[in-house]
Amino acid sequence: MKNAYYYKLAVLALLPCAVCSCSKSHHASTQLKDSIPTITLEPTTIEVPRTYVADVQAVQFVEVKSKVEGFVEEIYVDEGELVKKGQPLFRLNSAEYSQNVREAEANLKQAEAEYQMAKYEAERIQRMVEKDIIAKIRLDQVNTAKEVARMKVQQARAQLQRSETNYSYTTITSPFSGYIDRIPYKVGSLVTPQSLMTTVSDVSEVFVYYKVNESEYLQYKRAQLQGETQPEMDNIELILSDESVYPYRGKMETVEGDFERGTGSIAFRVRFPNPDNLLKHGVTGKIRMMTRMDNVCLIPQKSTFEIQDFTYIYLVDSAGIVKVRSFAPLERYKGFYVSQDFAPHETIVYEGVQMVKDGMSIKPKPTDYARILEELKKSDEL
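The structure contained in this document is the topic of the report that follows.

## Things to note about the sheet that holds strand S8 (residues 190-191)
Right, on to step 1. If you trace the 4 strands from one edge of the open sheet to the other, you get S6-S5-S3-S8, paired in antiparallel fashion. Two strands in the sheet have a free side with no partner beyond their single neighbour: strand S6 (171-173) and S8.
Right, on to step 2. Direction of pairing for strand S5 (residues 88-92) relative to S6: antiparallel, over a ladder of 3 bridges. Bridge pairing in S6 places Arg91 opposite Thr171.

Below, the structure written as structure tokens:
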């Protein structure tokens, strides 16, 4: 009996503390519900920067090789030098080819002399046949001999042209104006038609290639087919490897014909002017363009949470009831998700998403959404 008596006394003693604790907990919950910030979404228009890894190539880039075999006798240029179209770059030993030209010239003169003799003989026989001195069959024979001599002249003339062409190949000239790359063969080196003697690159303008995925390609192509203007494609920025912005803007020209099987991407080509010759063939950088997005809502990332690769927010109805909802972000942009999944004037929980639950009743504390967007625009201008 004593034990039961003491147990009741202990329960009575602890009861005020329990009541006080429950009262504090209920008060804290009420304060929590009353202080949940919310925002009312409104559609807006933004320009989102997109960047892509880029590969810079000269508008013309040619490997310079010899068309004939020979020893390098003269090098007229140096590495990195600017050359003009037709300017001599190398000269090979030409003694053998010069001799071939002289031999071909002699053969041509001999063939022409034989042809003249055949013509005279044909004319002589023609007169004799007309006077019935000899049979006509003899005329047919000399005419055939004359035709053979004429064909030998043509053959000798073709041989001379071939020899002269080979001789001209011993002097290697620039195919266009541009910059000389490395010269691996020095004077005295034996080169063949397979030997890469140097390269010439024309960088007065450059092509910049960047790759996009299939979804981005379809978006671009559909807009093009529908006749929509895409001004961002004519005002493309190039970010160089030191993160500086190239001073000239580029214009998108064309798209490659096939998607890469491994990556599922396709390359776009942009042309950039290069009047200062700052860019060289093979440098790298990044393409940056501003993509205009109309009628989108900006969802602060702190207003969202993720579960198994899905992104969620809490909607708040007019009665203050919280309802969880997933959405599909289009982009991430400066601490915001860009989405088109929301109707105008929908209210969401702005801060404290970790303190609310689906179906919970709260008293919203509205936050100025327009001010948030205005601050974002100011940060863009900076």
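What follows picks up the thread again.
## Quick word on the pattern of salt bridges
Right, on to step 1. Under the criterion given, the structure shown has 20 salt bridges.
Right, on to step 2. In this structure, the salt-bridge partner of Arg157 is Glu112, at a minimum N-O distance of 3.3 Å. Highlighted residues: Arg157 in helix H3 (residues 136-168) and Glu112 in helix H2 (residues 95-130), separated in sequence by 45 residues.
Right, on to step 3. What emerges from the salt-bridge pattern is a single network uniting Glu205, Glu253, Arg269 and Arg271.

## A few points about the packing of aromatic side chains
Right, on to step 1. Taken as a whole and assessed by the stated rule, the structure comprises 11 aromatic pairs.
Right, on to step 2. Here the aromatic rings of Phe207 and Tyr209 are separated by 6.5 Å at their centres, their planes lie at 75°, and the arrangement is edge-to-face.
Right, on to step 3. Under the relative-accessibility criterion, Phe207 is labelled buried at 11%.
Right, on to step 4. Residue class for Tyr209 comes out partly exposed when judged on its relative accessible area of 22%.
Right, on to step 5. For the ring pair Tyr246 and Phe272, a centre distance of 6.1 Å and an interplane angle of 75° mean the geometry is edge-to-face. Of this pair, Tyr246 sits in the loop between strand S10 (237-240) and strand S11 (251-255) while Phe272 sits in strand S12 (residues 265-273); the two residues are 26 residues apart in sequence, bridging distant segments of the chain.

## Description of unusual backbone geometry
Right, on to step 1. In this structure, Glu243 is a non-glycine residue whose phi angle is positive, near 70°.
Right, on to step 2. Residue classification places Glu243 among the exposed residues on the basis of a relative accessible area of 52%.
Right, on to step 3. Of note in this structure, Asn295 is not a glycine but carries a positive phi near 55°.
Right, on to step 4. By secondary structure assignment, the location of Asn295 is in strand S13 (residues 284-300).
Right, on to step 5. The exposure class of Asn295 is exposed, given its relative accessible area of 60%.

## Digging into the side chain of Ser163
Right, on to step 1. Inspection of the secondary structure assignment puts Ser163 in helix H3.
Right, on to step 2. Look at Ser163 and you get buried, because its relative accessible area is 3%.
Right, on to step 3. Setting aside anything within four residues of it in sequence, one finds Ser163 in contact with Tyr97, Asn100, Val101 and Ala104.

## Remarks on the packing of H2 against H3
Right, on to step 1. For the pair H2 and H3, interaxial distance at closest approach is 8 Å and the crossing angle is 165°. As far as their axial angle goes, H3 and H2 are roughly antiparallel. For the pair H2 and H3, the sense of crossing is left-handed.
Right, on to step 2. Residues that form the contact of H2 with H3 fall into these classes: 18 nonpolar, 8 polar and 12 charged.

Calculation notes
- Throughout this description, residue numbers start from 1 for each chain and increase along the sequence as written.
- It should be noted that, the model being predicted, local features are given only for residues of pLDDT at least 70 and side-chain atom pairs only at 80 or more, the latter also being counted only at that level, while totals for whole chains, interfaces and linings use all residues.
- To get the side-chain values, take all heavy atoms of the structure and skip hydrogens and water.
- We call two strands paired when DSSP finds no fewer than two bridges between them.
- Numbering of helices and strands runs from the N terminus; a helix is a DSSP stretch of H or I covering at least four residues, while a strand is a stretch of E covering at least two.
- Within this document, salt bridges are pairs made up of a side-chain nitrogen of Lys or Arg and a carboxyl oxygen of Asp or Glu, the two lying within 4 Å of each other.
- Note on aromatic contacts: the rings of Phe and Tyr and the six-membered ring of Trp form a pair at centre separations within 6.5 Å, being stacked when their planes are under 30 degrees apart, edge-to-face when over 60 apart, and tilted otherwise.
- Only protein chains enter the accessibility calculation, which uses a 1.4 Å probe; a residue is then buried when its area is under 20% of its type maximum, exposed when over 50%, and partly exposed in between.
- Two residues qualify as a contact provided that any one of their heavy atoms is within 4.5 Å of a heavy atom in the partner residue.
- Every axis corresponds to a line fitted to the C-alpha atoms, with the helix fit spanning only the stretch in contact, and the corresponding angles, defined between N-to-C directions, vary from 0 to 180 degrees.
- Angular relationships are summarised with four words: roughly parallel below 35 degrees, roughly antiparallel beyond 145, roughly perpendicular across 65 to 115, and oblique for the angles in between.
- Working rule for handedness: look at the near helix, and if it is turned counterclockwise from the far one by less than a right angle, call the crossing left-handed; if clockwise, right-handed.
- By the convention adopted, Pro, Cys, Tyr, Trp, Phe, Met, Ile, Leu, Val and Ala count as nonpolar, Lys, Arg, Asp and Glu as charged, and the other residues, Gly among them, as polar.

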